[in-house]
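Structural characterization, general
For reference, the chains in residue letters:
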Amino acid sequence: MRSRTKAGIVALVAGLVLAGVGSSSAQASTICTWGGTPDAPTGLATFSPGVTNTPSTGPIQFTATGELAGGAGCTGKLTFTGYADPGVTCAANTPLHAKALGFPPIKRVEAQPGVLGSQPVLLYDEHDNLVGSEQAQFLTAAATDPNDPGYMACNTPEGLTSANWSDTLELFAL
């Protein structure tokens with residue numbers, strides 16, 4: 001009896017999975033580049049106060065802005081304005097919170113901790129529905145050039161106050 005129950009559950013789950021695979025309602029997501037590409041970053045991020053190698057004692061205000069390109073609808077300039085929680089350094093990102101302007105599906109963003117200028121970010125619409133994600137890459141230029149002025153600024157008292165970057169956004173099919 002026990003093996004029949006297990007077999008029935010396995011068959012039910014397999015049937016549900018296969019039924020979803022052939023669904024005609026599935027749509028592809030939209031992929032946009034934001035602020036250029038890793039090889040040619042054109043986005044600009046500013047930080048106040050500057051980010052250093054010492055954990056910040058308070059929040060760091062930031063603005064990230066850049067042109068969108070790529071998939072259908074990926075046009076215009078997108079800007080995030082917000083703050084990173086206390087404790088951020090050039091090597092370790094703390095959670096961040098921001099408002100988004102310039103790309104109507106996205107109204108606000110939230111991110112968990114990240115490392116080395118890279119951070120997964122969740123994108124929300126005006127109703128707080130999750131509509132996409134992006135992979136922030138704030139130190140793109142520094143990763144390929146250790147003498148990049150932005151990267152070297154992490155070692156100064158003023159810290160990193162601006163950096164070029166690029167990102168990839170994925171908008172989920174709704």
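Residues numbered from 1 in each chain as written. Predicted model: local features only at pLDDT ≥ 70, side-chain atom pairs only at ≥ 80, totals over all residues. Heavy atoms only, no water.

So, about the pairing of strand β14 (residues 167-171). Residues D167, L169 and L171 of β14 are buried on one face, while the alternating residues T168 and E170, pointing to the opposite face, are not. In this sheet, β14 lies alongside strand β1 (residues 30-34) in antiparallel orientation, the contact comprising five bridges. Bridge assignment links T30 to a residue of β14, and that residue is L171. Here strand β12 (residues 130-137) runs beside β14; their pairing, made up of three bridges, is antiparallel. Bridge pairing in β14 links E134 to L169. (Buried < 20%, exposed > 50% of the residue type's maximum accessible area, 1.4 Å probe, protein only. Helix = DSSP H or I, 4+ residues; strand = E, 2+ residues; numbered from the N terminus. Pairing = 2+ DSSP bridges.)

Per-residue pLDDT for the chain has a mean of 80; in total, 75% of the residues score no lower than 70. The model gives residues 1-25 a pLDDT under 50, and that stretch makes zero contacts with residues more than four places away or in other chains. (pLDDT = per-residue confidence, 0-100. Contact = heavy atoms within 4.5 Å.)

This paragraph deals with the pattern of salt bridges. This structure, assessed with the given rule, holds two salt bridges. R108 serves as the salt-bridge partner of E110, at 3.1 Å between the closest nitrogen and oxygen. With relative accessibility at 24%, the residue E110 sits in the partly exposed group. Here R108 and D128 are joined by a salt bridge, their closest N and O atoms 2.7 Å apart. Of the two residues, R108 is situated in strand β9 (residues 108-111) and D128 in the loop between β11 (118-124) and β12; the sequence distance between them amounts to 20 residues. Its relative accessible area of 47% is what places D128 among the partly exposed residues. (Salt bridge = Lys/Arg side-chain N within 4 Å of Asp/Glu carboxyl O.)

The next subject is the state of the cysteines. One pass over the full model with this rule turns up two disulfides. Residue C32 pairs covalently with C74 via a disulfide, S to S 1.9 Å. Here the S-S torsion is close to -65°, and the disulfide linking C32 with C74 is therefore left-handed. Here the residue C32 occupies a position in strand β1, and C74 occupies one in the loop between β5 (60-70) and β6 (77-84), the gap between them amounting to 42 residues. We note that C32, like C74, is buried. (Disulfide = S-S within 2.5 Å.)

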